[in-house]
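Below, each chain spelled out in residue letters.
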Amino acid sequence: MRADLSNKNRIVVKIGTSSLIYPNGAINLAGIDELAFVLAALQNQGKEIILVSSGAIGVGMNKLNLKERPVEIPQQQAVAAVGQSELMTIYNQRFQSYSQQTAQILLTRDIIEFPQSRQNVSNTLEQLLTMGIIPIINENDTVAVDELDHLTKFGDNDQLSAIVAQLTKAELLIMLSDIDGFYSANPLNDPEAVLYSEINEITPELLEQATGKGSPYGTGGMTSKLKAAQRILDLNSHMLLANGKQPKIIFDLLAGEPVGTHFYQRTEDEQ
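Residues numbered from 1 in each chain as written. Predicted model: local features only at pLDDT ≥ 70, side-chain atom pairs only at ≥ 80, totals over all residues. Heavy atoms only, no water.

In the nomenclature of an unreviewed UniProt entry, the protein is known as Glutamate 5-kinase of Enterococcus casseliflavus. Quoted verbatim from the Subcellular location (unreviewed entry) field of UniProt, the annotation for the protein is "Cytoplasm". Quoted straight from UniProt, the Sequence similarities (unreviewed entry) entry for the protein says "Belongs to the glutamate 5-kinase family." (UniProt positions renumbered as here; feature names shortened; annotations may be inferred.)

**Let's talk about the pattern of salt bridges**
For the structure shown, the criterion picks out eight salt bridges. What emerges from the salt-bridge pattern is a single network uniting Arg10, Glu48 and Glu126. (Salt bridge = Lys/Arg side-chain N within 4 Å of Asp/Glu carboxyl O.)

**Overview of the UniProt feature "binding site: ATP" (unreviewed entry) in the protein**
According to UniProt, the feature "binding site: ATP" (unreviewed entry) maps to Lys14, Ser177, Asp178, Thr219, Gly220, Gly221, Met222, Thr223, Ser224 and Lys225 in the numbering used here. Tracing the chain through its elements places Ser224 in helix H9 (residues 222-234). For Ser224, the contacting residues outside a window of four places in its chain are Asp156, Asp158 and Gln159. (Helix = DSSP H or I, 4+ residues; strand = E, 2+ residues; numbered from the N terminus. Contact = heavy atoms within 4.5 Å.)

**Let's talk about the sheet that holds strand S8 (residues 261-263)**
A sheet is described by the order of its strands in space; here eight strands give the open sequence S3-S4-S2-S1-S5-S7-S8-S6, paired in mixed fashion. Of all the strands in the sheet, the pair left with one neighbour each is strand S3 (102-107) and strand S6 (198-199). Two elements, S6 and S8, share two bridges in a ladder whose sense is parallel. Residue pairing across strands places Glu198 opposite His262, the latter belonging to S8. Helix H2 (residues 29-44) contacts strand S1 (10-15), strand S2 (48-53), strand S4 (134-139) and strand S5 (172-177) of the sheet and is inclined by roughly 155 degrees relative to S2. Contacting S5, strand S7 (238-243) and S8, H9 runs over the sheet at an angle of about 155 degrees to S7. (Pairing = 2+ DSSP bridges. Axes fitted to C-alpha atoms, helices over the stretch in contact; angles between N-to-C directions.)

**Some points on helix H7 (residues 157-167)**
Burial runs high along H7: 10 of the 11 residues are buried. What H7 keeps buried is the set Asn157, Asp158, Gln159, Leu160, Ser161, Ala162, Ile163, Val164, Ala165 and Leu167. Capping of H7 at its N-terminal end is provided by Asp156; its side-chain oxygen lies 3.0 Å from the backbone amide nitrogen of Asp158. Lys169 occupies a position one or two residues after H7 and carries a positive phi of about 55 degrees. (Buried < 20%, exposed > 50% of the residue type's maximum accessible area, 1.4 Å probe, protein only. Polar contact = N/O pair within 3.5 Å; in protein donor to acceptor, adjacent residues only side chain to side chain.)

**A short note on the nonpolar core**
Formed by 40 residues in total, the largest nonpolar core has its most connected members in Val12, Ile137, Phe182, Met239 and Phe263. When contributions to this core are tallied by element, the ones reaching two or more residues are S2, S3, helix H6 (115-130), H7, S5, H9 and S7. Judged by nonpolar contacts, the second largest core, of 32 residues, contains Val13, Ile15, Ile21 and Ile250. (Core = buried A, V, L, I, M, F, W, Y, C linked by side-chain atoms within 4.5 Å.)

**Quick notes on the environment of Asn138**
Topologically, Asn138 is positioned in strand S4. Given the relative accessible area of 3%, Asn138 is considered buried. Between the C-alpha atoms of Asn138 and Gln104, which are 34 residues apart in sequence, the distance is 8.1 Å. Excluding residues that lie within four positions of it along the chain, Asn138 makes contacts with Ser53, Ser54, Ala56, Gln84, Ile105, Leu106, Leu107, Asn157 and Leu160. A distance of 3.3 Å separates the side chain of Asn138 from the backbone oxygen of Ser53, its partner in a polar contact. A distance of 2.9 Å separates polar atoms of two side chains, one belonging to Asn138 and the other to Gln84.

So, in structure tokens, the structure goes:
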């Protein structure tokens, strides 16, 4: 039995594109509805919830009936603009069915880097949380090119979620992906790959074991998730990586069930 994390009050949840979009490109409406139910339930328990959601380009591709992800940056940005609007419409509908108010925040790296704008974002998030509103955050793909198909500085949404956790002093980051946790090797290729139940330090060996992105719709991979985990460890906070196919897994994660991978620094008593 893993440590009970049900006492964590301020929680950032990151959902990847692979959990929002089926492999055939269709939108996973059932998954989005379940996510809204879970987060609204946690909010009703008095927790402060922030959602970092990918999916703008994936939803845009579905909306525009595109079978392949555009290559050119202006095309990707146009698809993201269509998709972000549609994604928020879906989120608003599903959260409203559980009487939960949401708000959209789109960020770019420069906003986080400049102290004044960073403080403005922090103030907005704090006010939304005070009002019991769940902020839904995504990178502003329509103007930011670093994340799309280029080397990143601000990073993909794995990095963004860790930065948001840092900015808001969150006690826990839950990262939902298309894999059950962090493995010793790619479980799709290696049947002997072992799932790590917990990781207390990001080592060069772990980085070597990480794989690249697996979904044609997303931008992150296991390397990105380890880098995000390093940010969380530096904050002496907690991060859980688990499969987002069924978002109700969040309840199990908070209850300390042995699912996914738990990233945290051990105390001297635990070592």
